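# An overview of the molecular structure
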Amino acid sequence: MIMTAAVKGELPPLISRDLLFGNPERTSPALSPDGKRLAWLAPDTNNVLQVWVKTVGKDDDKIITADKKRGIRQYFWAKDNRNLIYLQDSDGDENFHVYGVDLGSGNVRDYTPFQGVRAQITDLNPDFPNEVLLELNLRDRSLFDVYRLNLKNGALELDTENPGDVTGWGADSKFRVRSAQIATPEGGTEIRVRADDKSPWKTFLKVGPEEILNALGFTQDGQSLYLMSSLGRDTAAVVEKNLADGKEKVLAASDEVDAGEVLMHPRRYVVEAVSFSPGRTRWQVVDPAVKEDFDGLAKMNDGDFSIADRTEADDVWLVGFQSDRAPGRFYRWDRKSKQGTFLFTTRPKLDGLSLAEMRAVVITARDGLKLNSYLTLPVGVAPTNLPLVLFPHGGPWARDEWGFNGYAQWLANRGYAVLQPNFRGSTGYGKKFLNAGNKQWGLKMHDDLIDAVNWAVKEGYAAPKKIGIMGGSYGGYCALAGITFTPDVFACAVDIVGPSNIKTLIGSIPPYWKPMLSIFNVRLADVNDPTDAEIVKNASPLNSADRIIRPLLIGQGANDPRVKQAESEQIVAAIEKNHGNVIYVVYPDEGHGFARPENRTDFNARAEAFLSAYLAGRVEPMEGSKIAGSTAIVRVVGATP
């Protein structure tokens, strides 16, 4: 490992990977609707995330779930104050089941015991405390129908059948399914509504693929619909639109970015506040009833906050704060006294350590487009001529945001500059920016990544011969594309569950993505349209695998339903055929990403050693051939570092 004495001496002590990528000590708090009990996620004695519950004001902490291996990540209180609901899949296959824990009896029940079926929650309503609206692709694996679940007896009743094109459902204040969102054959969006649950569906709005349009929910009287809409503007605003006359009222908007999180009162059905995140997050308060609360919360902590939960009486909020140099912190906010009480931080062992600042920067692409990005630099060393890891986000229809990022902190602690560009096609920056990425995989979207690297070199942050690229999902695709299309730019690449061939990616999508296929046709490419054949061919790294001359590390979950294992297998085979080198790691009990901390830490230990071999960053030694508890299966092709 090559490193100057000055750099080696000035960087802060190594931060253990376990502290960054192991399970949090506790996270995701939630109050029972009556406010009498608090739940949260925390590991058990076997280091598996479980749901814990305690009585507020007492020390009677108790584990109420018994997951054996994967850990629970999604849960919520039922409105009856008695049942706690959680979702779990099998080894990452994303066919989630809905489970319920009766806190009175302690009994655990699988409410959706169907093999190969995916469940997702549609809505809950405090006026119907014993019911849950949920979606199942039970009748047809490609379509989600809405079912009404009775928590008392476990009965599942079909409520609303999918006609064949609905991708999302919404209920009104009377717990009736009254809105449906559709991806049109052209790749646009249609929103249908009905007067009640017995009336026929009618088209309310229909727009082309260039617009951003999403239904958010009904007003309390059911006569208007809240929307996220870019109609008549570039950025998506939150609007209220009357169902009868179409009159529209803009509730919150920004010329810089799309609306982000929308806080809506669960009883009054009014929009209270909307977040906007050009760099840091700020809130626009819509409802004066919460203005004093938001003013008080802004003074309580210097991070960016969001409302994590609230009681039925709306007298207590749980508030989470994000900061770039501190893990998540949660507070209990008393709305009457306007006072906050600290609950916990998710990773307290990181407190007091030298964490790196995440800076919002704007990079100008070669065609003048502005790329809002985030730069994290190592602590304690001059920010010049550093090895750099370009870390593009997944999606690609997503975005990076400011806040605590374990990967950025890990890499910066090892001596790397970390650059996270929101390339064209990322969401959140208006419809022009989103549509600028249409059919630009491997083209202008890739140019944006190269422009970001060139910016970092020109600004003096990055050493031009010490650039690596790492990412997951679409970010994994970027890593493959980086060393395939521009091998002179990158010294090495780390791909996590990234697709290698657009045609086989689309040909193997989960069946329940098929109603959304028209969106892929517009934004990615139509693999069945001869006019898109060249785009599909040229944007697929597999078809140019003979150009891969840089070292590559690939991580894959065997049960990934989105990017199948074959996507990694075929690029590894092509590299082997062309006498290249690649380290390929498969985890038999993972899906799209690595949920188990043992596997996550194992892969990152391998990535750390790999990056060090080619970029000269620091390394925390990996004990043994793999992390204890990991299921890693490793295959090495060609030379190894």
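This text gives an overview of the structure that appears in the document. (Residues numbered from 1 in each chain as written. Predicted model: local features only at pLDDT ≥ 70, side-chain atom pairs only at ≥ 80, totals over all residues. Heavy atoms only, no water.)

As a further point, take the sheet that holds strand S7 (residues 97–102). Across the sheet, which stays open at both edges, the four strands sit in the order S5-S6-S7-S8 with antiparallel pairing between neighbours. On the outer flanks of this sheet lie strand S5 (74–77) and strand S8 (108–110), each paired with one strand and no other. Averaged over all pairs of adjacent strands, the angle between strand axes in this sheet comes to 20°, irrespective of strand direction. Relative to S8, S7 runs antiparallel, the two sharing three bridges. Of the residues in S8, the one forming a bridge with Tyr99 is Asp110. (Pairing = 2+ DSSP bridges. Helix = DSSP H or I, 4+ residues; strand = E, 2+ residues; numbered from the N terminus. Axes fitted to C-alpha atoms, helices over the stretch in contact; angles between N-to-C directions.)

Take unusual backbone geometry next. Look at the link from Gly395 to Pro396: it is a cis peptide, with omega at 0°. The phi dihedral of Lys338 falls on the positive side, at around 55°, and the residue is not glycine. Examined against the element boundaries, Lys338 turns out to sit in the loop between strand S26 (326–334) and strand S27 (339–345).

Turning to the packing of aromatic side chains, a few remarks are in order. Within the structure shown, the criterion is met by 28 aromatic pairs. A ring pair is formed by Tyr331 and Phe342, whose centres lie 5.5 Å apart and whose planes are at 70°; its orientation type is edge-to-face. Here Tyr331 is found in strand S26, whereas its partner Phe342 is found in strand S27, with eleven residues between them in sequence. Put simply, the rings of Trp283, Phe294, Phe305, Trp317, Phe321, Tyr331 and Phe342 touch in pairs and so form one group of aromatic residues. The cationic tip of Arg280 hangs over the ring face of Trp402; the distance from NZ or CZ to the ring centre is 3.8 Å. (Phe/Tyr/Trp six-rings, centres within 6.5 Å; stacked < 30°, edge-to-face > 60°. Lys NZ or Arg CZ within 6 Å of the ring centre and 35° of its normal.)

One way to put it is that helix H6 (residues 444–458) packs onto helix H7 (residues 474–485) with a least axis distance of 11 Å and a crossing angle of 80°. Taken together, the axes of H6 and H7 are roughly perpendicular relative to one another. Residues Met445, His446 and Leu449 of H6 form the contact with H7, whose participating residues are Tyr474, Cys478, Ala481, Gly482 and Phe485. When its residues are assigned to classes, the contact of H6 with H7 shows six nonpolar, two polar and no charged. (Parallel < 35°, antiparallel > 145°, perpendicular 65-115°, else oblique. Contact = heavy atoms within 4.5 Å. Nonpolar A, V, L, I, M, F, W, Y, C, P; charged D, E, K, R; others polar.)

Moving on to the environment of Ile64. Here Ile64 shows up in the loop between strand S4 (62–63) and S5. Separated by 44 residues in sequence, Ile64 and Val108 place their C-alpha atoms 8.9 Å apart. For Ile64, the contacting residues outside a window of four places in its chain are Val51, Val53, Leu84, Val101, Leu103 and Val108.

Within the structure shown, the criterion is met by two cavities of 30 Å³ or more. Roughly 50 Å³ of volume is contained in the second largest cavity. Around the second largest cavity, the lining residues are Leu11, Pro12, Ile15, Ser354, Leu355, Ala356, Val379, Gln409, Ala412 and Asn413. Of the residues belonging to the lining of the second largest cavity, the class tally is seven nonpolar, three polar and no charged. (1 Å grid on protein atoms, 1.4 Å probe; cavity = no way out; pocket = protein on both sides within 12 Å on 5 of 7 lines; lining within 4 Å. Points joined across faces, edges and corners; volume = space filled by probe spheres on them.)

Glancing now at the sheet that holds strand S1 (residues 27–31). An order of S1-S2-S3-S4 is seen for the four strands of this open sheet, with the pairing classed as antiparallel. Pairing within the sheet leaves two strands with one partner each, and these edge strands are S1 and S4. Looking at chain direction, S1 and strand S2 (residues 37–43) are connected through three bridges and run antiparallel. Looking at S2, one finds that Thr27 is bridged to Leu41.

In contact at an axis separation of 12 Å, helix H4 (residues 406–413) and helix H12 (residues 597–615) are set at 35° when each is read in the N-to-C sense. Every pair of crossing elements has a handedness; the one defined by H4 and H12 is right-handed. For the pair H4 and H12, the contacting residues are Tyr407, Trp410 and Leu411 in the first and Arg600, Asn604, Ala607, Glu608 and Leu611 in the second. Partitioning the contact of H4 with H12 into residue classes produces five nonpolar, one polar and two charged. (Left-handed = near helix turned anticlockwise from the far one by under 90°.)

So, on to the pairing of strand S20 (residues 248–252). Two strands pair when backbone bridges link them, and strand S19 (residues 237–242) and S20 are joined in this way by four bridges, in the antiparallel orientation. In the sheet register, Val239 faces S20, and the bridge partner there is Val250. Count of turn residues in the S19/S20 antiparallel hairpin: five residues, of which Gly246 carries a positive phi of about 75°.

On the secondary structure map, Phe294 appears in helix H3 (residues 291–300). Using a relative accessible area of 4% as the deciding quantity, one classes Phe294 as buried. Residues Phe294 and Ala365, 71 residues apart in the sequence, show an inter-C-alpha distance of 36 Å. Here Phe294 is in contact with Leu263, Ala273, Trp283, Val285, Phe305, Ile307 and Trp317, once residues within four sequence places are set aside. (Buried < 20%, exposed > 50% of the residue type's maximum accessible area, 1.4 Å probe, protein only.)

As a further point, take the pattern of salt bridges. Applying the stated criterion across every chain yields a total of 45 salt bridges. Residue Arg310 is joined to Asp314 by a salt bridge in which the shortest nitrogen-to-oxygen separation is 3.0 Å. Judged on exposure class, the residue Arg310 and its partner Asp314 are both buried. Among the ionic pairs, Asp589 bridges to Arg596, the shortest N-O distance being 2.9 Å. Take Arg596: its relative accessible area is 7%, and that puts it in the buried class. Among the ionic contacts, a cluster of salt bridges with common partners joins Arg268, Glu272, Asp287, Asp293, Arg310, Asp314, Arg335 and Lys338. (Salt bridge = Lys/Arg side-chain N within 4 Å of Asp/Glu carboxyl O.)

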